[in-house]
Amino acid sequence: MLCSRNSRARCKRRRSFGRSRSHSKGAGSNRSWTGGYVRGHFGGGYGRTSFTDPYGPSIYGDVVDTPVFVAGGQIGYNWQRERWVFGFEVDGSGAISNGTNTCLAASGMIVSANCKAGPDVFATGTGRLGYTFGPQHRTLAYLKLGVAWQHNRGDIVNNHEPDEVPKNATRFADGRLGGTIGAGIEQALTPEWSIKFEYDYLRFGGPSLATPPTTQHPLPSVVPANVSSLSSGYHIGKIGLNYDAGPGTPEWSDLALYATKPSVNAPPIALAQD
């Protein structure tokens, strides 16, 4: 654009206006993550419950694999400071999970057992630390750490005992505190709704369980009752849908997320030289 000395101020205002239009098309309200929220989730994964063998190193078994499906909900609250987000969360899940395997097989001379386990409830209380990024801070990546609780049930049942010997069994239903660590990413869909993808690892001890008395060859040798200790761990992935009940962002701008070129291009104006 050609400008005379008398019209320089006018040209400067024109250029400034063009830059401001370009900038405003990319501007918009940043998503606020501060506030309370409620969420539902579902997912699945893999678990394992271990039974120690009181009769000696096991030749096989003693580990029960438990594939798990979970569904439930959670509530929490976040505080945001610039791009950092701090919060806490409490969640609960019902679980469908069962597994069985041979256990207490210290030798081929001892009548072994079948061990069964299956958690049916999980609950966690965690702190969260996250960082927002992307257009208008709509994406949140976070880590979480805290305590966990599970309800696990199952039994130890002797197998292959002679018909004249009663089949001995020990059953358990145990609630146990443990720990959890996880990570996830959450994407805001609207000012109120977001979707998350999360991975959690949960670890628990277990009860000291009385094993049923068993037999060994040559019969009728009896192996007296003893004690087996349980422990379990789970790898679980979740998908969740979140409703933000806090202040959030009242309204998102419907302008473009990224800066664009001005939509109007004025042709150069030739002015006569003084």
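For the structure itself, consult the block above.
This structure is a prediction, so every number in the text was calculated from the model and none was measured.

*Asks:* I tried to follow the overall build of the chain on my own but got confused; where do I start?
*Replies:* If you tally the helices and strands in the chain, you get 1 helix and 12 strands. When its helices and strands are written in sequence order, the chain yields α-β-β-β-β-β-β-β-β-β-β-β-β. Per-residue burial over the chain gives 39% buried out of 274 residues. Restricting to contacts in the chain with at least 6 residues of sequence separation, those with at least 24 account for 73%. When the accessible area of the chain is evaluated, it comes to approximately 14,700 Å², of which 61% is carbon and sulfur surface.

*Asks:* I would appreciate a short explanation of empty space enclosed by the protein in the present structure.
*Replies:* Leftover empty space is mapped by rolling, across the atoms, a probe with the size of a water molecule. Summed over the entire model, instances satisfying the criterion amount to 4 cavities of 30 Å³ or more. Roughly 70 Å³ of volume is contained in the largest cavity. At the level of elements, strand S3 (84-97), strand S5 (113-133), strand S8 (193-204) and strand S12 (227-244) are the ones that each hand at least two residues to the lining of the largest cavity. Classifying every residue of the lining of the largest cavity gives 4 nonpolar, 2 polar and 3 charged.

*Asks:* Explain the packing of aromatic side chains here, please?
*Replies:* The geometry of an aromatic ring pair is captured by two quantities: the separation of the ring centres and the angle between the planes. This structure, assessed with the given rule, holds 8 aromatic pairs. Their ring planes at 55° and their centres at 4.9 Å tell us that Tyr77 and Trp79 sit as a pair that is tilted. For Tyr77, a relative accessible area of 29% gives the class partly exposed. For Trp79, a relative accessible area of 45% puts it in the partly exposed group. An aromatic cluster of three or more residues is present, and its members are Tyr77, Trp79 and Phe88. A cation over an aromatic ring shows up here: Arg31 above the ring of Trp33, its NZ or CZ 4.2 Å from the ring centre. Lying over the aromatic face of Tyr142, Arg128 brings its terminal NZ or CZ to 4.3 Å of the ring centre.

*Asks:* Can you help me understand unusual backbone geometry in this one?
*Replies:* For residues that are not glycine, phi is negative in most cases, and the peptide bond is trans in most cases. Unusually for a residue other than glycine, Glu82 sits at a positive phi of about 55°. With respect to the element layout, Glu82 can be found in the loop between strand S2 (63-81) and S3. With a phi angle near 55°, Gln136 is a residue other than glycine that sits in the positive phi range. Mapped onto the fold, Gln136 is located in the loop between S5 and strand S6 (139-158). The exposure class of Gln136 is buried, given its relative accessible area of 8%.

*Asks:* Please explain the environment of Val90 as it appears in this structure.
*Replies:* Relative to the helices and strands, Val90 resides in strand S3. In the structure, Val90 is positioned 13 residues away from Tyr77 in sequence and 9.6 Å away in space, judged by C-alpha atoms. Sequence-distant contacts of Val90, defined by excluding residues within four places in its chain, comprise Gly73, Gln74, Ile75 and Thr124.

*Asks:* Please clarify how the pairing of strand S1 (residues 35-51) should be interpreted in this entry.
*Replies:* Two faces, one strand: in a regular strand the side chains alternate between the faces of the sheet. In this sheet, S2 lies alongside S1 in antiparallel orientation, the contact comprising 16 bridges. Bridge pairing links Gly47 to Thr66 in S2.

*Asks:* Honestly, the side chain of Thr49 in this entry has me stumped. Any pointers?
*Replies:* Its location among the elements puts Thr49 in strand S1. Those residues within four positions of Thr49 in sequence are excluded, and the remaining contacts are Asp62, Val63, Val64, Ala117, Asn152, Leu230, Ser231, Ser232 and Tyr234.

*Asks:* What is the right way to look at the side chain of Asp200 in this model?
*Replies:* Take Asp200: it is sitting in strand S8. Judged by its relative accessible area of 4%, Asp200 falls in the buried class. Separated by 3.4 Å, the side chains of Asp200 and Lys238 make a polar contact. The contact partners of Asp200, leaving out residues within four places of it in the chain, are Lys144, Thr180, Ile181, Gly182, Tyr234, His235, Ile236 and Lys238.

About the cut-offs
- Throughout this document, residue positions are counted from 1 along each chain, in the order its sequence is written.
- Selection of residues for local features in this predicted model requires a pLDDT of at least 70, selection of side-chain atom pairs for listing and counting requires 80 or more, and totals for whole chains, interfaces and linings are taken over all residues.
- Hydrogens and water molecules were not included; the side-chain quantities draw on all heavy atoms of the structure.
- The helix count covers DSSP runs of H or I at least four residues long, the strand count covers runs of E at least two residues long, and both are numbered beginning at the N terminus.
- Burial status follows relative accessibility: with a 1.4 Å probe on protein chains alone, a residue under 20% of its type maximum counts as buried, one over 50% as exposed, and anything between as partly exposed.
- Residues count as neighbours in contact if any of their non-hydrogen atoms are within 4.5 Å of one another.
- All accessibility values rest on the Shrake-Rupley procedure with a 1.4 Å probe; residue burial counts only the protein chains present in the view.
- Site definitions follow a grid-based scheme: protein atoms alone, a 1 Å grid, a 1.4 Å probe that fits but cannot get out for cavities, and for pockets an open set with protein on both sides within 12 Å along at least five of seven lines, plus lining residues having an atom within 4 Å of a point.
- Grid points are joined across faces, edges and corners, and a volume is the space filled by probe spheres set on the points.
- Each residue gets one of three labels, nonpolar for Ala, Val, Leu, Ile, Met, Phe, Trp, Tyr, Cys and Pro, charged for Asp, Glu, Lys and Arg, and polar for the others, Gly among them.
- Planes of paired rings set the category: under 30 degrees apart is stacked, over 60 is edge-to-face and the rest tilted, where pairs are Phe, Tyr or Trp rings (Trp by its six-membered ring) whose centres lie within 6.5 Å.
- Charges are assigned to positions over rings by a cutoff of 6 Å between ring centre and Lys NZ or Arg CZ, combined with an angular limit of 35 degrees from the ring normal.
- What makes two strands pair is DSSP finding at least two bridges between them.
- Two N or O atoms count as a polar contact when they lie within 3.5 Å, although within protein this holds only if one can serve as hydrogen donor and the other as acceptor, and sequence-adjacent residues are included solely when both atoms are side-chain atoms.

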